Amino acid sequence: MIIGVLFTCNYVFAEQNYDYDLYGSMRFGCFYKSYDEVENEAENDLDFRMQNNSRIGLKLIKKNNVSGVIELGKGKSDEEIDIRKLYASCKGFKNLDILIGQTYTPLNFFPSNQVATLYEGEGDNGLFPYGGVRNNYEPMIQISSKNVKFALIVPCYDIDKEILKLGETGNIKKDVPKMELSYHYGKTKFIDLFVGFQLYTVETENKDYDVMSTVIGANMGFDFYDFYGFAIGYTGQNIGVYNLWAEGDSLPRIINDDVENNETLGFNVGCGYRMSNENNIELGWGYVEHEMKGSSKSDESMCVYLNISCLVMNSLYIVPEIGYVDYMDDFGGKAEGSLFYCGVKTQLDF
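Model, not experiment: these values are computed from the prediction. (Residues numbered from 1 in each chain as written. Predicted model: local features only at pLDDT ≥ 70, side-chain atom pairs only at ≥ 80, totals over all residues. Heavy atoms only, no water.)

A few points about the overall build of the chain
- A tally of regular secondary structure across the chain gives three helices and 20 strands.
- By the compact-globule yardstick of 20 Å for 350 residues, the chain fits well, its C-alpha radius of gyration being 21 Å.
- If you line up the chain on its principal axes, its C-alpha atoms span 65 × 45 × 45 Å.
- Taken over 350 residues, the chain has a buried fraction of 45%.
- The contacts in the chain between residues at least 6 apart in sequence include a share of 59% that link residues at least 24 apart.
- When the accessible surface of the chain is split by element, carbon and sulfur atoms take 56% of a total near 18,100 Å². (Helix = DSSP H or I, 4+ residues; strand = E, 2+ residues; numbered from the N terminus. Rg over C-alpha atoms; globule rule 2.2 N^0.38 Å. Buried < 20%, exposed > 50% of the residue type's maximum accessible area, 1.4 Å probe, protein only. Contact = heavy atoms within 4.5 Å. Areas by Shrake-Rupley, 256 points an atom, 1.4 Å probe, with all protein chains shown as cover.)

Structure representation (structure tokens):
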């Protein structure tokens, strides 16, 4: 049904003053996972499923530089369809781009090409939970130029309301939008600087609690002949309620009538070699740690992987990958186990 609607739109808009592009990417993961002393996980598991970042989309461009995009993707269950992107954009004053709707916010960077389905079919993890920066798709108003993006984003969006209350009974009051800013400089050698901010209040009968989240960091990369490399790092506060993806406990606490902040440090590094324009080998490593006042230890995690991306024919890719995740210790110093995985992603683009 959905595909039929998109093809109908494709036909209708072809008759109007539009340029259009119908596109998609179907992705399937087959990974064997071996857990060692990880709570609530079977010792061995075969994860064989269609990934939930499979998508189909339609982009329309009017001749006055106004465009719109709708992109649908598979949900986490086989019965779900998610709206990944739904936005319109136009050229504004002095070539500024104005965007209204839902798409990637400025704090989304994709330096790593890790592909494994480590989280409920969430393929192409890209080291995001292990020091990467992914705020995903959120509704927003964004103003951007060639190098700068600034967005006002719906705060506390798509996060469990009980988590936002941090154990207190009360209401969530949002006074200002979430704000993100990024700056890009360079081409084959480049750097992105970024910052994010969110503030909301938990209102209770006895006291109001202000919960502030911040993220600041940099993303760097280089291309040198057939070699490339990347590095990204950030420091953040209360990123669990900011909705930045990270392994471990990144939530603040309300303790003794006060908000105790959770401080996070994360980074990724990696390098690769292009055997041809469509085939490359890549090695990557990521690390993230969270610190809470009064805790005996930091909550740490790390991940390392090696993969080879191969174009088999036309737009069909296979990506074999092997990797290791060490969940290290929690705040109490308890070991949380590890994971070894290996497998292959199959991807067909159109």
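A look at the nonpolar core
- In terms of nonpolar packing, the biggest core is built from 16 residues, with Leu118, Tyr130, Val325, Tyr327, Leu339 and Tyr341 touching the most fellow members.
- Looking at this core, the elements with two or more residues in it are strand 1 (18–36), strand 18 (299–313), strand 19 (316–326) and strand 20 (338–349).
- Apart from the residues within four sequence positions on either side, Leu118 is in contact with Lys33, Asn125, Tyr130, Val325, Leu339 and Tyr341.
- Grouped together as the second largest cluster of nonpolar side chains are twelve residues, Phe109, Val133, Phe194 and Val215 included. (Core = buried A, V, L, I, M, F, W, Y, C linked by side-chain atoms within 4.5 Å.)

Here's the deal with the pattern of salt bridges
- One pass over the full model with this rule turns up twelve salt bridges.
- Its salt-bridge partner being Arg134, residue Glu122 comes within 2.9 Å of it at the nearest N-O pair. Taken as a pair, Glu122 in the loop between strand 6 (97–104) and strand 7 (137–144) and Arg134 in the loop between strand 6 and strand 7 lie far apart in primary sequence, twelve residues in all.
- Among the residues examined, Arg134 registers a relative accessible area of 11% and is labelled buried.
- Lys173 is the salt-bridge partner of Asp175, the closest N and O atoms lying 3.8 Å from each other.
- Judged by relative accessible area, Lys173 falls into the partly exposed class, the value being 36%.
- A network of salt bridges, in which partner residues are shared, links Arg27, Asp124 and Lys345. (Salt bridge = Lys/Arg side-chain N within 4 Å of Asp/Glu carboxyl O.)

Comments concerning the environment of Asp299
- Mapped onto the secondary structure, Asp299 falls in strand 18.
- Of the residues examined, Asp299 reaches a relative accessible area of 4% and is grouped as buried.
- Residues Asp299 and Ile100 lie 199 residues apart in sequence; the distance between their C-alpha atoms is 37 Å.
- Setting aside residues up to four positions removed in sequence, Asp299 forms contacts with Gly248, Asp249, Val288, Glu289, His290, Asp329, Asp330, Phe331 and Glu336.
- Among the polar contacts made by the side chain of Asp299, one reaches the main-chain amide nitrogen of Asp249 at a distance of 2.9 Å. (Polar contact = N/O pair within 3.5 Å; in protein donor to acceptor, adjacent residues only side chain to side chain.)

Quick word on the packing of aromatic side chains
- What the rule picks out here adds up to 13 aromatic pairs.
- Judged by centre distance (4.5 Å) and plane angle (25°), the rings of Tyr104 and Tyr137 are stacked. Of the two residues, Tyr104 is situated in strand 6 and Tyr137 in strand 7; the sequence distance between them amounts to 33 residues.
- The rings of Tyr104, Phe110, Tyr119, Phe128, Tyr137 and Trp245 are connected pair by pair, giving a single aromatic cluster.
- Lying over the aromatic face of Tyr242, Lys178 brings its terminal NZ or CZ to 4.2 Å of the ring centre. (Phe/Tyr/Trp six-rings, centres within 6.5 Å; stacked < 30°, edge-to-face > 60°. Lys NZ or Arg CZ within 6 Å of the ring centre and 35° of its normal.)

Some thoughts on unusual backbone geometry
- Even without glycine at this site, Asn256 takes up a positive phi of about 55°.
- The exposure class of Asn256 is exposed, given its relative accessible area of 75%.
- Non-glycine residue Asp257 carries a positive phi angle of around 60°.
- You can see Asp257 is positioned in the loop between strand 14 (253–255) and strand 15 (258–260).
- Taking the relative accessible area as the measure of exposure, Asp257 reaches 49% and is therefore partly exposed.

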